[in-house]
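Here is how the chains run, residue by residue.
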Amino acid sequence: LQELAKDKELHLRHGLNVVGVGHAVYWVHWVIVATVLNFLQVMLLMVSGYICQFSLWKNADFGILFTIFFWFGQTMVATAFCVSTMITTQLQANNIAYTSIVSLLLVNIVFANTEWVLRLFYSSLGEGSGFIAGFLGALMLLPPYQYVMAFGLTARAAGARLDYDSMSWRPGGKFGE
């Protein structure tokens, strides 16, 4: 079945070349498909958040949340396209896909606590270290880290959260209007 799918993919590319259509049309097609799917996925997430009446969705501007979710999805699409140009076998694709999913989950779990990240890396404690600056520079190249920080800071401002200083539950306020 995998060989058949790969064979059809090669036939599609070869057929496009025969009629004079270049590789750019093939890739533009997949960019359009991925963008439409990402848009529909984000809209479903946004509608679900409003239906469930989450405090983050009530307090944060639609444009802010949509931008965070949509552009994270687009960076993942771009990353997938870049990686797909380097993969030659189905086994490599499976291994990279599973590794990516586990890596994304680990980054999201480790850096999900925005207060902890701010205190550790962005306070006066972490500013003097060259190692921390280099580590932060490397993290800034990872879309999952940027997504976790953007979403975490937005949720910290607009959503209900646990305040670690007073160990009490704090309601979110209006954000982005």
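1. A word on helix α8 (residues 130–139)
One full turn of an α-helix is made of 3.6 residues, so residues set three or four places apart face in the same direction.
Right, so step 1: For α8, every residue scored as buried is listed here: Ile-132, Leu-136 and Leu-139. Seen along its axis, α8 keeps its buried residues to an arc of 60°; they face one direction. Residues of α8 that are exposed and point over 90 degrees away from its buried face: Gly-130 and Phe-131.

2. Examining the nonpolar core
Right, so step 1: Ranked by internal contacts, the top residues of the largest apolar core, which has 23 residues, are Leu-65, Phe-69, Phe-111, Phe-121 and Tyr-145.
Right, so step 2: In contact with Phe-69, not counting residues within four places along its chain, are Asn-38, Val-42, Leu-45, Met-46, Trp-57, Tyr-147 and Phe-151.

3. Remarks on unusual backbone geometry
Right, so step 1: With a phi angle near 55°, Gln-53 is a residue other than glycine that sits in the positive phi range.
Right, so step 2: Within the secondary structure layout, Gln-53 lies in the loop between α2 (23–51) and α3 (55–59).

Parameters and conventions
Residues numbered from 1 in each chain as written. Predicted model: local features only at pLDDT ≥ 70, side-chain atom pairs only at ≥ 80, totals over all residues. Heavy atoms only, no water. Buried < 20%, exposed > 50% of the residue type's maximum accessible area, 1.4 Å probe, protein only. Helix = DSSP H or I, 4+ residues; strand = E, 2+ residues; numbered from the N terminus. Arc of directions from axis to C-beta. Core = buried A, V, L, I, M, F, W, Y, C linked by side-chain atoms within 4.5 Å. Contact = heavy atoms within 4.5 Å.

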